[in-house]
Amino acid sequence: MVQGAKIISTGSATPSVKVSNEQMSSIVDTSDEWIFTRTGIKERRLLTEYGQSVTDLAVQASLQAMESISMDPSNIDLIILATSSPNDLFGSASKVQYKIGAVNACAFDLTAACSGFVISVVTASQFIFNGTYKNILVVGADVLSKWVDWSDRGTCILFGDAAGAVIIQSCSSNLNSILNFHLSTDGNYADYLSIAYKQQLDPHPILNLYQGSFQHISMNGKEVYKFAVSQVPLSIISCLDQINMSIEDVDWLLMHQANERILMAVAEKLSISSNKIISNLSKYGNTSAASIPLALNEVVQKNKISTDDIIVIAGFGAGLTWGTIVLRW
Ligand code: UT7
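Values in this document were obtained by computation on a predicted structure and should not be read as measured data.

Q: For the environment of Q211, give the residues involved together with the corresponding values.
A: Within the fold, Q211 resides in the loop between β9 (193-199) and β10 (212-219). Judged by relative accessible area, which is 53%, Q211 ranks as exposed. It is 38 Å that separates the C-alpha atoms of Q211 and S125, two residues lying 86 residues apart in sequence. Those residues in contact with Q211 that sit more than four places away from it in its chain are Y197, K198, Q199 and Q200.

As structure tokens, then:
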């Protein structure tokens, strides 16, 4: 029997340290006026405590999502941690699994930058649709502050650290809330946004192989902006079209929180009212894979979403990758 999949709980975590635009202007040559008018960001949270990592934020967000529905962690079958800033290149999901006590869960990382949460929810839903798993924890978490070049004003003003989590549960197919999805990649433009691995110039003297290290975030902001504003509306329209829905059916549009101007430009292209756009990036900046579940948790906590509301979720970012999910709450 084909199962449906439903988001039954949300959670989030942010570091306590807030850094305002005024504070940023003491680090690089910028101003509150420039940052706010170009991005809509007022402040961001940074994980500054020594020894803390993306795992700590992911654990906090996961515990909140489980506690709000009193779920026993042993009932979780799978954990997907969407992150591009793991604390270990072999993956951080297994540490999350251990720390939350999800003893029966398999856990792995999924790397897809700012589209990571959308791709992870789609991945999780496939395990549910085919009947393999019942309860899946999807966490989007990033600490890009560890990878930002704090002397590059073009990027350092944008990013913040956070984690957001959802629990997806199987349900009968007529209660299914994930109605459709659409995912895309264009690796031709991978260099527009990357944390590249740079090889040393000198090879190992005997093995003749090159080792190296990861660099800071580099971004072609203008091109990423143009890509998002052109591709995200197309993805949303095609995803809705396939299930005979239109923009008029949409109650909420929850996009990756990269830049307020991107959110508004996409809204204008789609002719959707700005009242339907979920936005909290003024307080957190761009938190990469965490931005969508962080904003989702906020509107859920504020009881803004009603049963049966149609939510369109759209992620986009490095890769380049982008994708849409249409769901009924
Ligand atoms: O998750 C996806 C991640 N990335 C994105 O979504 C990024 C998408 N792109 C953007 O959001 C925008 O391109 C930015 C906000 C990054 C930049 O805005 P922009 O309007 O594209 O500015 P720009 O890069 O064209 O720079 C305009 C001017 C330049 O000065 P000149 O050459 O005109 O004299 C920059 O040097 O603004 C300057 N500038 C700044 N000035 C003050 C760049 N960054 C700053 C800054 N403060 N922080």
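Q: Account for the UniProt feature "domain: Beta-ketoacyl-[acyl-carrier-protein] synthase III C-terminal" (unreviewed entry) in the protein, naming residues and giving values.
A: On the UniProt side, "domain: Beta-ketoacyl-[acyl-carrier-protein] synthase III C-terminal" (unreviewed entry) is annotated at positions that read residues 240-329 here. Secondary structure over residues 240-329 splits into 31% helix and 22% strand, and the C-alpha atoms at its two ends are 16 Å apart.

Q: Hey, could you go over the domain arrangement of the protein for me, with residue numbers and the actual values?
A: For the protein, the assigned domains read domain 1 (4-175) and domain 2 (178-328). Between domain 1 and domain 2, roughly 3700 Å² of surface is buried when both sides are summed, and carbon and sulfur atoms account for 68% of that area. The three residues of domain 1 that bury the most area against domain 2 are C114, V118 and W147, which together make up 18% of that side's buried surface. Taken together, the connections running from domain 1 to domain 2 amount to 0 salt bridges. At the boundary of domain 1 and domain 2, one finds 16 residue pairs in polar contact (both at pLDDT 80 or more). When contributions to the side of domain 1 that touches domain 2 are tallied by element, the ones reaching two or more residues are β1 (4-13), α2 (32-39), β3 (43-45), α5 (116-129), β6 (135-143), α6 (153-156) and β7 (161-171). Sorting elements by how many residues they give to the side of domain 1 that touches domain 2 places α5 first, with 8 residues. Residues that form the side of domain 1 that touches domain 2 fall into these classes: 24 nonpolar, 16 polar and 9 charged.

Q: Kindly report on helix α3 (residues 54-67), identifying the contributing residues and their values.
A: For α3, built from 14 residues, the straight-helix expectation of 20 Å at 1.5 Å per residue is met to within 8% by its first-to-last C-alpha distance of 20 Å. The buried count for α3 comes to 10 of 14 residues, which makes it a mostly enclosed element. Turning to α3, its buried residues are V54, T55, D56, L57, A58, V59, A61, S62, A65 and M66. Against β1, β4 (78-82), α4 (93-100), β6 and β7 lie the buried residues of α3.

Q: Describe the sheet that holds strand β11 (residues 252-255), naming the residues involved and giving the relevant values.
A: Strand order in the open sheet formed by 4 strands is β8-β13-β12-β11, with mixed pairing between adjacent strands. Each end of this open sheet is capped by a strand with a single partner; those strands are β8 (178-185) and β11. Adjacent strand axes in the sheet meet at a mean angle of 10°, parallel and antiparallel pairs treated alike. Relative to strand β12 (residues 310-317), β11 runs parallel, the two being bridged by 4 bridges. Pairing of W252 across the sheet is with I311, part of β12. Across the face of the sheet, helix α7 (residues 221-241) comes into contact with β8, β11, β12 and β13 (321-328) while running at roughly 35° to β13. Helix α10 (residues 291-301) rests against β11 and β12 of the sheet, and its axis sits at about 145° to β11.

Q: Which residues make up unusual backbone geometry, and what values do they have?
A: That bond from G319 to L320 is cis: its omega, -15°, falls within 30 degrees of zero. Assignment of secondary structure puts L320 in the loop between β12 and β13. You will see that S288, though not glycine, has its phi angle at about 55°, which is positive. With respect to the element layout, S288 can be found in the loop between α9 (281-284) and α10. When its relative accessible area of 2% is taken as the criterion, S288 is described as buried. Here the phi dihedral of N303 falls at roughly 55°; this positive angle occurs in a residue that is not glycine. For N303, a relative accessible area of 67% puts it in the exposed group.

Q: I'd like a description of the nonpolar core, backed by residues and values.
A: Membership of the largest hydrophobic core comes to 46 residues, with the highest contact counts inside it found for I236, L240, L253, M255, I272 and F316. When residues of this core are traced back to their parent elements, those giving at least two are α7, β11, α8 (260-270), β12 and β13. Looking at this core, the element that brings in the most residues is α7, giving 8 residues. Of the domains in this structure, domain 1 (4-175) and domain 2 (178-328) are the two that each give at least three residues to this core. Every residue in contact with L253, bar those within four places of it in the chain, is listed here: I236, L270, I272, K276, I277, I278 and V312. Counting 32 residues, the second largest nonpolar core, distinct from the first, contains A124, V138, I305 and L327.

Criteria and thresholds
Residues numbered from 1 in each chain as written. Predicted model: local features only at pLDDT ≥ 70, side-chain atom pairs only at ≥ 80, totals over all residues. Heavy atoms only, no water. Helix = DSSP H or I, 4+ residues; strand = E, 2+ residues; numbered from the N terminus. Buried < 20%, exposed > 50% of the residue type's maximum accessible area, 1.4 Å probe, protein only. Contact = heavy atoms within 4.5 Å. UniProt positions renumbered as here; feature names shortened; annotations may be inferred. Domains from an automatic or database assignment. Buried area = accessible area lost by both parts, 1.4 Å probe. Salt bridge = Lys/Arg side-chain N within 4 Å of Asp/Glu carboxyl O. Polar contact = N/O pair within 3.5 Å; in protein donor to acceptor, adjacent residues only side chain to side chain. Nonpolar A, V, L, I, M, F, W, Y, C, P; charged D, E, K, R; others polar. Expected span 1.5 Å × (residues − 1). Pairing = 2+ DSSP bridges. Axes fitted to C-alpha atoms, helices over the stretch in contact; angles between N-to-C directions. Core = buried A, V, L, I, M, F, W, Y, C linked by side-chain atoms within 4.5 Å.

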